[in-house]
Every structure is written in C-alpha cells, then in structure tokens.
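Here's the letter readout for the chains.
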Amino acid sequence: MTELSVDTFREFSTKIENEVGRVIVGQEEVVRHVLVSILAGGHVLLEGVPGLGKTMLIRTLGQVMDLKFSRIQFTPDLMPSDILGTEILTDQDGRREFRFRPGPLFANLVLADEINRATPKTQSALLEAMQEGSVTIAQQTYKLEEPFFVLATQNPLEMEGTYPLPEAQLDRFFFKVNVEMPSVKEMSEILDRTTGKETSSANHAVNGQDIVQMRKLARTVPIASHVKEYIAKIVLASHPDDPHATPLVKKYVRYGVSPRGGQALVLGAKVTALLAGRYNVAFEDVHAVANAALRHRLLLNFDGLAEGIRTDTVIQELTNSLQG
C-alpha cells in the first residue's frame, strides 16, 4: 500500500467523525480525543456516569473502521483466562493434545466495560496485553493483530465493590476522556433518535490497514525544537520539587507527570496537527490534547483532594505559564 498524504489522512478522519456523528449525538470533543488516541496507537479510558453512550460510541467506531470488535463486561469474578483465552484438551484421531482457544481480547477494538469492577489480577492481564501487544499462555506467546486498541470505561459515582486502577496502570492509558452530560438540545436529539421508529446506523469509512497507515504517517510529522522543549517543561514542572513548578503544583500536587505523559503530548499533538491539515506541530495542538493526556497522570495531595481541586485546572495553569 502506498503511503498516505496529509490530505488523505484528513479526508479519512473527517469520514470517520461524520459517520460516528450519524449515531452519536454531540460529544464532538470526546469523539475527537478517542480518534486522536487511536490514530496515535494509544488506549483510552472513558469516564462518565451510565447512559451517556460510551459503549455505543466504541461499538460505532468499530463499525466505521471495519474492525473486529469485542466487548468484555468486567465483573469481580472475571478471571484472566476469561479475557486472554485458555488451552483446552482436544481429542483428534485418537491423539490428545492441548490447543489454544483465544479469548475476547483477540480483536482489533476491545471494549473493557467497567474495568474497575474486575480484580487487580484480571486488570493486570489486560494492561499487560495493552503494553506488550501480545499475551503469553503456558509459556507460548501469541501476538495480537494490528491495529489493536483497548477502550475502557469506568463509572465515577458507584465505587462500592470496585477496584480502582492503581496510578502505574492508569499511566498506560494514552488519554483519559471525561464524558459529560449533553445539553438540552442534544438531549432532545438523543430522545428523538432512540425512541423513534427508525434507528441511526453508521457505514464503513476506513479499514484496519488504513488505520495502520494513518498511524505511520502521524509519527513522521516533524516537531520543532521549541515545541518539544515546551512539552518537556510541562512534564518536569508538573512535579512540585521542580524549580519551574507553578503555585498550584507546589500546593496541591503530590507527584507529577511521567515520561509517558510527554510521549502522549507529542503523539497526540502530531495527530491533531494532521487533523487540521498541517504537517507540523504548533502550540495549539499541544493545548488541544493536554487535559486528556495528563489529567490521570497528576496525583493530588491531601489538600488538593480535600479542596476538590480539578487536575484540569492545574494543567491549564501549567500550559499557560510555561509558554513563552
């Protein structure tokens, strides 16, 4: 397959967003952030109360991108073998042997629904596959087919009987996207679409190979040294002991952003630039993805949690004060 041009990249991405918009009402920023993460080769954690269309969004993306879709409902009794697969004993022509039966993780787009309901053991099995792009069963390694993306959801309200993801595991998610309540106009449109005679559906816009090519193009986008230095300053200044730390960071942050946060900023900004039809990264591209890339990587101290400080507010101060 020939390499994509910037125009083709933008044409494909516009098709994806338009087709998703035929099913999902509003949530343009959520759709854009999920798309950016997929095109950057990352995984997404979607957080929002039930009924906001998180599952529908992910299922629709699978249809639009013509990807093999798999949904895993996480529960406390779910075991690692339930998602990775297991070896089963088969009897063929009088000869018994173990054969691997792949689990639901062997898909292109995996929805991990309510990931915080599973035990840490099962969460770790999923997150290892996310990191390595492969799973190991009985000392045999099985490669996951490209493209491979995990979109996990969690409910921020009902925390009883859940196992919140540790910070080190949250760090493996490229973006954390907050799904907010719709406006009155959007809610009215949702009710029309979901209670009427006809239901909306999306068509294929791209395929798996197109996504792989789009990811390759995104990594080739140049980033100027002063923009790269700006991203490095954001990462370092998010730590309270850094000399360039902002007042909010010094007062409310316990631990700052990891290098993975910097990687997410760079790759997210590269994809955002291409979506705007540019083959170079600007400061506004970094600002567009900063909250999604960093909000789950900033750990607030006791004072920050007690006063209800939002990590997005800290990130806003960081990005504004360091640009210059």
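Residues numbered from 1 in each chain as written. Predicted model: local features only at pLDDT ≥ 70, side-chain atom pairs only at ≥ 80, totals over all residues. Heavy atoms only, no water.

Draft legend 1. Structural detail: the overall build of the protein. Looking only at helices and strands, the protein features 14 helices and 11 strands. A globule of 324 residues ought to have a C-alpha radius of gyration of about 20 Å, and the protein, at 21 Å, matches this closely. Dimensions along the principal axes, computed over C-alpha positions, put the protein at roughly 75 × 45 × 40 Å. Each of the 324 residues in the protein was classed as buried or not, and the buried ones make up 51%. (Helix = DSSP H or I, 4+ residues; strand = E, 2+ residues; numbered from the N terminus. Rg over C-alpha atoms; globule rule 2.2 N^0.38 Å. Buried < 20%, exposed > 50% of the residue type's maximum accessible area, 1.4 Å probe, protein only.)

Draft legend 2. Representation of the pattern of salt bridges. Counted by the stated rule, this structure contains 12 salt bridges. The partner of R310 in a salt bridge is D312, and the shortest N-O contact between them spans 3.7 Å. Three or more residues are tied together by salt bridges with common partners; here these are D171, R260 and R297. (Salt bridge = Lys/Arg side-chain N within 4 Å of Asp/Glu carboxyl O.)

Draft legend 3. Region of interest: the environment of T311. Within the element layout of this structure, T311 appears in helix 14 (residues 311-322). Taking the C-alpha atoms as reference, T311 lies 6.7 Å from L298; in sequence the two are 13 residues apart. The contact partners of T311, leaving out residues within four places of it in the chain, are R295, L298 and L300. Within the structure, the side chain of T311 is placed 3.4 Å from the backbone oxygen of R295, a separation counted as a polar contact. (Contact = heavy atoms within 4.5 Å. Polar contact = N/O pair within 3.5 Å; in protein donor to acceptor, adjacent residues only side chain to side chain.)

Draft legend 4. Inspection of the sheet that holds strand 8 (residues 149-154) at higher detail. Strand order in the open sheet formed by five strands is 2-5-8-1-9, and the pairing between neighbours is parallel. Both edges of this open sheet fall to strand 2 (69-73) and strand 9 (175-178), since each of them pairs with a single strand only. Between one strand axis and the next, the sheet turns through 20° on average, direction left out of account. Where strand 1 (residues 44-47) meets strand 9, four bridges bridge the pair, whose relative direction is parallel. Bridging across to strand 9, L46 finds its partner in V177. (Pairing = 2+ DSSP bridges. Axes fitted to C-alpha atoms, helices over the stretch in contact; angles between N-to-C directions.)

Draft legend 5. Spatial organisation of helix 8 (residues 208-219). The terminal C-alpha atoms of helix 8 lie 17 Å apart, and with 12 residues this matches the ideal 16 Å at 1.5 Å per residue to within 8%. Of the residues making up helix 8, those classed as buried are G208, D210, I211, V212, Q213, M214, L217 and A218. Each element contacted by the buried residues of helix 8 is listed here: helix 1 (6-21), helix 2 (28-39), strand 8 and helix 11 (259-275). At the N-terminal boundary of helix 8, the capping side chain belongs to N207, with an oxygen 3.1 Å from the backbone nitrogen of Q209. (Expected span 1.5 Å × (residues − 1).)

Draft legend 6. Broad picture of the packing of aromatic side chains. Under the criterion given, the structure shown has two aromatic pairs. Ring geometry for F174 versus F175: centroids 4.8 Å apart, planes at 40°, classification tilted. Taking relative accessible area as the criterion, F174 reaches 9% and is therefore assigned buried. A ring pair is formed by Y230 and F283, whose centres lie 5.0 Å apart and whose planes are at 85°; its orientation type is edge-to-face. Taken as a pair, Y230 in helix 9 (residues 225-237) and F283 in helix 12 (residues 283-294) lie far apart in primary sequence, 53 residues in all. (Phe/Tyr/Trp six-rings, centres within 6.5 Å; stacked < 30°, edge-to-face > 60°.)

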